[in-house]
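As a plain string of letters, each chain reads:
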Amino acid sequence: MTGDRIRVVIADDHAVVRAGLRAVLGGAKDIEVVGEADDGREAIALVERLRPDVVLMDLSMAPMDGATATQEIVARGLPTRVLILTMHGADGHLMPVLERGAAGFLSKSAADRDLVAAVHAVARGDLYLLPPAARELAARLSGERARRDLAASASL
């Protein structure tokens, strides 16, 4: 975090969603929304220029989606942490964005307090997942471990 306030950029292609997110985050005394983007390219440009602590990144945006923008932010070595905020469930979407460098995954149906908690956690350097996403991650990791164990035992 830079100073005592968490600086946030909101990236979503719907203006009403951005306004709602700004209103929710505005209720937290230590969070400041410093910019808004309506696609991934604009999000990257704002992150480069403003160096926020966190970017709330929607997945479904055009012309550049949130997963690609996340990967680009990480590849450029920018210090901003990416919190994916999406209407999509974790199934099929969680692992690709974590592999691209996202620091958290949150559904747009989450409670206001979960959004604020997620921003705080990601700004601190933690990974943030609500229980459904954590279960998806655990299932995926345990499945991969089982496949590795099976492959290792087959080669003996």
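Residues numbered from 1 in each chain as written. Predicted model: local features only at pLDDT ≥ 70, side-chain atom pairs only at ≥ 80, totals over all residues. Heavy atoms only, no water.

Colleague: Can you help me understand the pattern of salt bridges in this one?
Modeller: Side chains that carry opposite charge are capable of pairing whenever their charged atoms lie near each other. In this structure the tally under the stated criterion is eight salt bridges. For R22, the salt bridge goes to E36, with nearest N and O atoms at 2.6 Å. Of the two residues, R22 sits in helix α1 (residues 15-26) while E36 sits in strand β2 (residues 31-37), which places them 14 residues apart along the sequence. We classify R22 as partly exposed; its relative accessible area is 36%. The closest approach of N and O atoms between R124 and D126, which form a salt bridge, is 3.2 Å. Salt bridges linked by common partners bring D12, D58 and K108 together as one network. (Salt bridge = Lys/Arg side-chain N within 4 Å of Asp/Glu carboxyl O. Helix = DSSP H or I, 4+ residues; strand = E, 2+ residues; numbered from the N terminus. Buried < 20%, exposed > 50% of the residue type's maximum accessible area, 1.4 Å probe, protein only.)

Colleague: What exactly am I supposed to notice about the packing of helix α2 (residues 40-50) against helix α3 (residues 66-75) here?
Modeller: Between two packed helices, the angle of one axis relative to the other and the distance separating the axes together describe the packing. Between α2 and α3, the least distance of the axes is 9 Å, while the angle of their chain directions is 25 degrees. Here α2 lies roughly parallel to α3, going by the angle between them. Relative to α3, α2 is oriented so that their crossing is right-handed. Residues G40, I44 and V47 of α2 form the contact with α3, whose participating residues are A69, E72 and I73. Tallied by class, the residues present in the contact of α2 with α3 amount to four nonpolar, one polar and one charged. (Axes fitted to C-alpha atoms, helices over the stretch in contact; angles between N-to-C directions. Parallel < 35°, antiparallel > 145°, perpendicular 65-115°, else oblique. Left-handed = near helix turned anticlockwise from the far one by under 90°. Contact = heavy atoms within 4.5 Å. Nonpolar A, V, L, I, M, F, W, Y, C, P; charged D, E, K, R; others polar.)

Colleague: In this structure, what is going on with the confidence of the model for the protein? I would like to understand it.
Modeller: With 85% of its residues at a pLDDT of at least 70, the protein reaches an overall mean of 87. Within the protein, the lowest mean pLDDT, 66, falls on helix α6 (residues 131-154), and the highest, 98, falls on strand β1 (residues 6-11). (pLDDT = per-residue confidence, 0-100.)

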